[in-house]
Amino acid sequence: MNETELAFATIAEIAGLFRAGKLSSVELTELILTRIERFSPKLNAYITVTHELARKQAKSAEAELGVRGKRKTRTDSGLLQGIPISLKDNICTKGIRTTAGSKILRDYFPEKDAPVVSRLKLAGAVLLGKTNMHEFAYGVTTNNPHYGPARNPWDTARIPGGSSGGSASAVAAGLCFGSVGTDTGGSIRIPAALCGIVGLKPGLGRVDVAGVIPLSVTHDCVGPLARSVADAGILFRAIANGDEGEGVCPRGSGARKLSKLRLGIPREFFFDVMSGEVRESFDAAVRSLRGLGAKIKEVSIPLLAQTENAGNRIAWAEASHYHQQSGWFPVRRAEYSEDVRSRLEMGMKVSAVEYLEALDQRRNYIAQLREVMEKEAIDALMVPTTPIAAPLISEETSCVGKDDHPTRALLLRLNRPANLAGVPAISVPCGFTAAGLPIGVQFIGAERNERVLLEIADIYQRSNPFRVPPNCKV
């Protein structure tokens, strides 16, 4: 493999090269660190790069894998042994600056690792650094005023999405082999779709969120971003609680036949506001899966219409409560960016009655979603991930049809339903606009059923493989 092929190889391919003695973790880590130095000024995907820690961990991984050619000496105990990855900068790392993309935490160095970091270390991962993000994970653009905007590798004038925008940009550009981000209203899936990669939001509680600076405790999830579904499966297995990841099949081996899986397309909500190019790509993805044998039918979930309002009220109130408890808001309001400050102010105005009503709406929606999926024997819903492709960094509103819509609301719109229900969801690339911007398709599963989502997504992606962004080729 040349440098580009190595940088964009899958985790399984790299692991095979390690085991065959054809590549060392030290060599690979140096290659990716060099790429970060080359592309980071353009993409601004990282806030902190942990050069020396990465080199130290790579040497340790190489020792565990065994000296090249001496395969009898390797211990190879981890799923990610020697694989360079990144972390979103709201995940606490012992002794490594964790800013949450904020001015307030600019000099915060946690005293211990978040449990998800401990699991990654146990799996043998090499940490390259902490990625750029929307301030306090409270937005979808990663247009960060404190550390500069992260940029989309497909077009650096455009956003990578957010709030895990730096993670998605780094993965798409070959600046790591995977990343771990957070998702409260689409913060993994939105940037995955806009950057042309895979993003998995596990079900609520499937990955430990302790040690992660929260946004909304009812919705917060931690999950992987990767270039392939198989890699996302490997990362999920490494970070899932206890044996939650057991049985997840990272590359379709032993997966059930697609002809035995049933997908549902909701009649309501998802297609009300959508660009023509996104709809065309989605329809093509439906035809592709039907051609592969999937059974797809329309289903009705009327309470989807309430998810946007209910999700917003819960998130607004919980975010403001956390920042107030932490002693930051409103005392240090001047240190917040304008967009985050305005949302925290909105959260302070949510009444107790409105919050409780939103929780009631959430419970009713969860019950209806569960009933529909069980009654219709649906394994997953199939919907677009975002109704538009990546907007320009300065684009506060986006035109769909003849109407202008707030960009933030558009990007959140199709992702909030999975967060409100606490069910797993995955975004996979499904096409490109005429301007060459990626489009994503989303599969939303039943509770505790990440395995089936990964099987469906893997089958689909193998017929629609990942492309390298043109700006990021060596």
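Note that the structure is a prediction, hence the values are computed from the model and not measured. (Residues numbered from 1 in each chain as written. Predicted model: local features only at pLDDT ≥ 70, side-chain atom pairs only at ≥ 80, totals over all residues. Heavy atoms only, no water.)

(A) Focus on the overall build of the protein. Assigned secondary structure in the protein consists of 15 helices and 13 strands. Taking 23 Å as the expected radius of gyration for a compact globule of 474 residues, we find that the protein reaches 21 Å, a close match to that expectation. Dimensions of the protein, computed from the C-alpha atoms along their principal axes, are close to 65 × 55 × 45 Å. Counting only residues that meet the buried cut, the protein has 61% of its 474 residues in that class. Within the protein, counting contacts between residues at least 6 apart in sequence, those at least 24 apart form 75% of the total. By element, 49% of the accessible surface of the protein is carried by carbon and sulfur atoms, the whole surface being about 17800 Å². Between the mean site of the 59 positive side-chain charges and the mean site of the 50 negative ones, the protein shows a separation of 5 Å. (Helix = DSSP H or I, 4+ residues; strand = E, 2+ residues; numbered from the N terminus. Rg over C-alpha atoms; globule rule 2.2 N^0.38 Å. Buried < 20%, exposed > 50% of the residue type's maximum accessible area, 1.4 Å probe, protein only. Contact = heavy atoms within 4.5 Å. Areas by Shrake-Rupley, 256 points an atom, 1.4 Å probe, with all protein chains shown as cover. Lys, Arg positive; Asp, Glu negative; His and termini not counted. Charge placed at Lys NZ, Arg CZ, Asp CG, Glu CD.)

(B) Looking closely at the sheet that holds strand E9 (residues 380–384). Here 11 strands make up an open sheet; going across it, the order is E1-E3-E2-E4-E6-E5-E12-E13-E9-E7-E8 and the pairing mixed. With partners counted over all chains shown, the strands left at the sheet margins are strand E1 (46–49) and strand E8 (295–299), one partner each. This sheet shows a mean twist of 30° between the axes of neighbouring strands, independent of strand direction. Sheet topology note: the strand E4 (residues 179–183)/strand E6 (residues 221–226) ladder contains five bridges and is antiparallel. Bridge pairing links Ser179 to Leu225 in E6. Sitting on the sheet, helix H4 (residues 51–65) touches E1 and strand E3 (126–131), and the angle it makes with E3 is about 155°. (Pairing = 2+ DSSP bridges. Axes fitted to C-alpha atoms, helices over the stretch in contact; angles between N-to-C directions.)

(C) How the structure looks around the packing of helix H3 (residues 25–43) against H4. Here H3 crosses H4 at 160°, and the two axes come no closer than 8 Å. One way to sum up the angle between H3 and H4 is to call them roughly antiparallel. Considering how the two elements wind past one another, H3 and H4 form a crossing that is right-handed. Touching Ser25, Val26, Thr29, Glu30, Leu33 and Glu37 of H3 are His51, Ala54, Arg55, Ala58, Lys59, Ala61 and Glu62, all from H4. A breakdown of the residues in the contact of H3 with H4 according to their chemical character gives five nonpolar, three polar and five charged. (Parallel < 35°, antiparallel > 145°, perpendicular 65-115°, else oblique. Left-handed = near helix turned anticlockwise from the far one by under 90°. Nonpolar A, V, L, I, M, F, W, Y, C, P; charged D, E, K, R; others polar.)

(D) Here's a closer look at helix H11 (residues 338–348). Residues of H11 that are buried include every one of Val340, Arg343, Leu344 and Gly347, and no others. Along the long axis of H11, the arc covered by the buried residues comes to 100°, so they all point the same way. Residues of H11 that are buried in the fold lie against helix H10 (307–325) and helix H13 (407–413). (Arc of directions from axis to C-beta.)

(E) Structural detail: the pattern of salt bridges. This structure, assessed with the given rule, holds 21 salt bridges. A salt bridge links Arg55 to Glu52, with the nearest nitrogen and oxygen atoms 2.8 Å apart. Of this pair, Arg55 and Glu52 are both found in helix H4, three residues apart, which corresponds to roughly one turn of the helix. For Arg279, the salt bridge goes to Asp283, with nearest N and O atoms at 3.1 Å. (Salt bridge = Lys/Arg side-chain N within 4 Å of Asp/Glu carboxyl O.)

(F) Inspection of H3 at higher detail. The sharpest bend along H3 reaches about 35° and sits at Glu37, with the proline Pro41 one to four residues further on. Along H3, the positions that sit buried rather than exposed are Ser25, Leu28, Thr29, Leu31, Ile32, Leu33, Arg35, Ile36, Phe39, Ser40 and Leu43. Just downstream of H3, Asn44 is the residue with a positive phi angle, here 55°. (Bend = angle between axes of the 7 residues up to and from the residue.)

(G) Representation of the nonpolar core in the model. Membership of the largest hydrophobic core comes to 118 residues, with the highest contact counts inside it found for Ile14, Leu80, Met382, Ile426 and Phe443. Sequence-distant contacts of Ile14, defined by excluding residues within four places in its chain, comprise Leu6, Ala9, Leu23, Leu28, Ile83 and Phe177. Counting residues in hydrophobic clusters, the runner-up holds 14 residues, among them Phe136, Tyr138, Trp328 and Leu344. (Core = buried A, V, L, I, M, F, W, Y, C linked by side-chain atoms within 4.5 Å.)

(H) Spatial organisation of the pairing of E8. For strand E7 (residues 262–266) and E8, the ladder comprises five bridges, and the chain directions are parallel. Looking at E8, one finds that Pro266 is bridged to Val299. A crossover connection joins E7 to the parallel E8 through helix H9 (residues 276–291); in handedness this β-α-β unit is right-handed. (Right-handed = clockwise from strand over helix to strand, strands pointing away.)

(I) Region of interest: the side chain of Thr48. In this structure, Thr48 sits in strand E1. Taking relative accessible area as the criterion, Thr48 reaches 16% and is therefore assigned buried. A distance of 3.5 Å separates the side chain of Thr48 from the side chain of Arg97, its partner in a polar contact. Discounting residues that sit within four places of it in the chain, Thr48 has contacts with Arg97, Leu128, Gly129 and Lys130. (Polar contact = N/O pair within 3.5 Å; in protein donor to acceptor, adjacent residues only side chain to side chain.)

(J) Broad picture of the environment of Gln361. Within the secondary structure, Gln361 is located in helix H12 (residues 352–375). C-alpha separation for the pair Gln361 and Leu412, spaced 51 residues apart in sequence, amounts to 18 Å. Not counting chain neighbours up to four residues away, the residues in contact with Gln361 comprise Gln306, Asn309 and Ala310.

(K) Just the pairing of strand E10 (residues 397–400), in detail. Of the two faces of E10, only the one carrying Ser398 and Val400 is buried; Thr397 and Cys399 on the other face are not. Summarising the sheet, E10 and strand E11 (residues 403–406) pair through four bridges and their orientation is antiparallel. Residue pairing in the sheet places Cys399 in a bridge with Asp404 of E11. The hairpin turn running from E10 into E11, its antiparallel successor, is two residues long, and Gly401 in that turn takes a positive phi close to 70°.

(L) Expanded view of the packing of aromatic side chains. Under the defined criterion, the tally for this structure stands at eight aromatic pairs. Between Phe136 and Trp328, the ring centres sit 5.4 Å apart and the planes meet at 25°, which makes this aromatic pair stacked. Separated by 192 residues along the polypeptide, Phe136 in the loop between E3 and helix H6 (165–172) and Trp328 in the loop between H10 and H11 bring together distant segments of the chain. The cationic tip of Arg343 hangs over the ring face of Tyr138; the distance from NZ or CZ to the ring centre is 5.2 Å. Lying over the aromatic face of Phe269, Arg413 brings its terminal NZ or CZ to 4.2 Å of the ring centre. (Phe/Tyr/Trp six-rings, centres within 6.5 Å; stacked < 30°, edge-to-face > 60°. Lys NZ or Arg CZ within 6 Å of the ring centre and 35° of its normal.)

Any functional reading would require information that these geometric values do not contain.
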